[in-house]
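The primary structure of each chain is shown beneath.
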Amino acid sequence: MTFDWLKRSMPRGIYGRTALILLVPLIALQVVVSVVFIQRHFEDVTRQMTRGIVKDLDLLMSEVDETRSRAGAIANTVDLRRDLDLDVTLPLAMPAAPGTTRRLFYDLSGVTVVATLREEVPELRAVDLARDTGSVFVELETRFGVMGVEFSRRLVAASNPHQFLVIMLVFGVLVTVVAFVYLRNQLRPVSDLANAAEAFGKGRVVSYRPRGALEVRQAGTAFLDMRGRIERQIEQRTLMLSGISHDLRTPLTRLRLGLSMLPEGEDVAAMERDVEEMEALIDAFLDFARADAEAEPELSDPVEIVSRAVEKAQRAGGAVTLLPAELDEGDPVPLRGRAIERALGNLIGNAMRYGKRAEVSLQRRSRTLHFVVEDDGPGIEPDWREQARKPFARLDAARNQDMGSSVGLGLSIAHDIARSHGGRLELGESVGMGGLRAEIVVAV
């Protein structure tokens, strides 16, 4: 699009955009008013005042031309020069080249002064406005040679043209400061609401009270209602799954006790494996229930978390390799350490269930941490990856379910833990190992 560059250059924050909305019209108005005022007012005033001095110069030239000698010209114009406040030098010792003009670059009214003098005074040879900022020096061609005339700048231009610009600038800054103070009070509730929503998305509950304009209060109240409903749903889910899992442990314990009293045999061994499998499933339910019930994040060492998860997998006999981390050990970040370790354990367990080898790595980006687990298993087809993140998903077409029993909560638990940190679980294909690449992206 034609205006894509404009969208990319726009400020991203609400303060920046509000400042832009405030300053652009204000600056544009000041520029337009300044240009119009300078061109229409000071330019006309300067031209009129310069024409007044042109008449004085014409009178001086006529007096000089009417005399017969240079000394007589000086003597006859004494009273005229005193009354008109003109400093005359005749002849001028070192005249400038014809057509010479000297002016400071910021002397805007000087442009009009020079143009008017050249239009109205045919005898004009040179104009010097930079010799002294408080005076104008002109060179005129007379019958007795070049005559230098110096007069006050106040005779051809307003003495205080800058006062209007200064007053306008001062009041513009004052209006901007007042507007920013007012807008800050109006935008602070919006920022507080955004911070509370962002913190809740990362699993933290911060104190928030709706305030500000009516619309902001309505949005804040709706957010609090939504946060309350979500917290109640999480609490109810946790209590339900914890209660069911706890109640199931009692009959399982009786089954295990009864099986231990039976004579050893293949049927008894098979039933004991079934009981162990049911207990593993109950543990998965409990992990799923605890995923949203963790404590507040605290400063943790991500390198240490990854190392512990890999060591547990290695002690269990898994061929798991820990790649060098892209950040130094001892660099703490706010994390739920046990939750991240549990999520990594689930991902490594899946990798060992469906593959033979796994690699674990930790990568640091500008504002995110990436916990990556790759395996050499069959992977998950792209069409099934979104389904794989959902609870109780069993991807018979994508993964070989004969590799071990699963209730379908491993990826879902990892996904919930990633979301509780303001991140996500990404599933893809491992380039180096050919299997599944599971990546927990956590905002820090």
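Residues numbered from 1 in each chain as written. Predicted model: local features only at pLDDT ≥ 70, side-chain atom pairs only at ≥ 80, totals over all residues. Heavy atoms only, no water.

## With respect to the confidence of the model for the protein chain
No. 1: Averaged over all residues, the pLDDT of the protein chain equals 80, while 86% of them reach at least 70.
No. 2: For the protein chain, helix α1 (residues 4-9) is the element with the lowest average pLDDT, namely 69, and strand β3 (residues 124-128) is the one with the highest, namely 91.
No. 3: Counted against residues more than four places away or in other chains, residues 400-405, with its pLDDT under 50, gives ten contacts. (pLDDT = per-residue confidence, 0-100. Helix = DSSP H or I, 4+ residues; strand = E, 2+ residues; numbered from the N terminus. Contact = heavy atoms within 4.5 Å.)

## A word on the side chain of Thr50
No. 1: Note on placement: Thr50 falls in helix α2 (residues 14-66).
No. 2: Not counting residues up to four positions away in its chain, the partners in contact with Thr50 are Val113, Thr116, Leu117 and Val156.

## A word on the packing of helix α10 (residues 337-354) against helix α12 (residues 410-420)
No. 1: Running from amino to carboxyl end, α10 crosses α12 at an angle of 150 degrees, the nearest separation of the two axes being 9 Å. The angle between α10 and α12 places the two elements in the roughly antiparallel class. Crossing angle aside, the handedness with which α10 passes α12 is left-handed. Contacts between α10 and α12 involve Ala339, Ile340, Arg342, Ala343, Asn346, Leu347 and Asn350 on the former and, on the latter, Gly410, Leu411, Ile413, Ala414 and Ile417.
No. 2: Of the residues assigned to the contact of α10 with α12, the class counts are eight nonpolar, three polar and one charged. (Axes fitted to C-alpha atoms, helices over the stretch in contact; angles between N-to-C directions. Parallel < 35°, antiparallel > 145°, perpendicular 65-115°, else oblique. Left-handed = near helix turned anticlockwise from the far one by under 90°. Nonpolar A, V, L, I, M, F, W, Y, C, P; charged D, E, K, R; others polar.)

## Details of the nonpolar core
If you look at soluble globular proteins, the nonpolar side chains tend to sit buried side by side.
No. 1: Formed by 35 residues in total, the largest nonpolar core has its most connected members in Leu344, Leu347, Ile348, Phe371, Leu425 and Ile440.
No. 2: Elements supplying a minimum of two residues to this core: α9 (302-315), β8 (333-335), α10, β9 (357-364), β10 (368-375), α12, β11 (424-429) and β12 (436-443).
No. 3: Broken down by element, the residue count for this core peaks at seven residues, all from α10.
No. 4: In this view, Ile440 contacts Ala343, Leu344, Leu347, Leu369, His370, Phe371, Ala414, Ala418, Arg424 and Leu425; residues no more than four positions away in its chain are not counted.
No. 5: With 28 residues, the next largest nonpolar core counts Ile53, Leu129, Val138 and Phe151 among its residues. (Core = buried A, V, L, I, M, F, W, Y, C linked by side-chain atoms within 4.5 Å. Buried < 20%, exposed > 50% of the residue type's maximum accessible area, 1.4 Å probe, protein only.)

## Notes on the sheet that holds β9
No. 1: Taken in spatial order, the five strands make up an open sheet running β7-β9-β10-β12-β11, and their pairing is mixed. Strands with a single pairing partner mark the edges of an open sheet, and in this sheet they are β7 (319-322) and β11. The mean inter-strand angle of the sheet, taken between neighbouring strand axes irrespective of direction, is 20 degrees.
No. 2: Pairing analysis gives six bridges linking β11 to β12, with the strands arranged antiparallel. Bridged to Glu426 within β12 is Glu439.
No. 3: α9 contacts β7, β9 and β10 of the sheet and is inclined by roughly 160 degrees relative to β7.
No. 4: Against the sheet, α10 makes contact with β7, β9, β10, β11 and β12, and its axis sits at roughly 20 degrees relative to β10, the strand it touches most. (Pairing = 2+ DSSP bridges.)

## So, the pattern of salt bridges
No. 1: Summed over all chains, the structure comprises 15 salt bridges.
No. 2: Across the pair Asp128 and Arg102 runs a salt bridge, and its minimum N-O distance is 2.8 Å. With Asp128 in strand β3 and Arg102 in strand β2 (residues 101-102), the pair connects residues that are 26 residues apart, well separated along the chain.
No. 3: Put simply, Asp416 and Arg419 hold a salt bridge, and the shortest N to O gap is 2.7 Å. One end of the pair is Asp416 and the other is Arg419, both in helix α12 and three residues apart, which spans about a single turn.
No. 4: A relative accessible area of 45% places Arg419 in the partly exposed class.
No. 5: Look at the salt bridges and you will find they share partners, linking Glu304, Arg308, Lys312 and Glu341 into a network. (Salt bridge = Lys/Arg side-chain N within 4 Å of Asp/Glu carboxyl O.)

## Looking at the pairing of β9
No. 1: Of the pairings in the sheet, the one linking β7 to β9 comprises four bridges and is parallel in character. When the sheet's bridge partners are listed, Leu322 is paired in β9 with Val360.
No. 2: Of the strand pairs in this sheet, β9 and β10 are connected by seven bridges, and their pairing is antiparallel. Residue pairing across strands places Val360 opposite Val373, the latter belonging to β10.
No. 3: Two successive antiparallel strands, β9 and β10, enclose a turn made up of three residues.

## Points about α10
No. 1: The first and last C-alpha atoms of α10 sit 26 Å apart over 18 residues, in line with the 26 Å expected at 1.5 Å per residue.
No. 2: Counting buried positions over the 18 residues of α10 gives 13, a clear majority of the element. (Expected span 1.5 Å × (residues − 1).)

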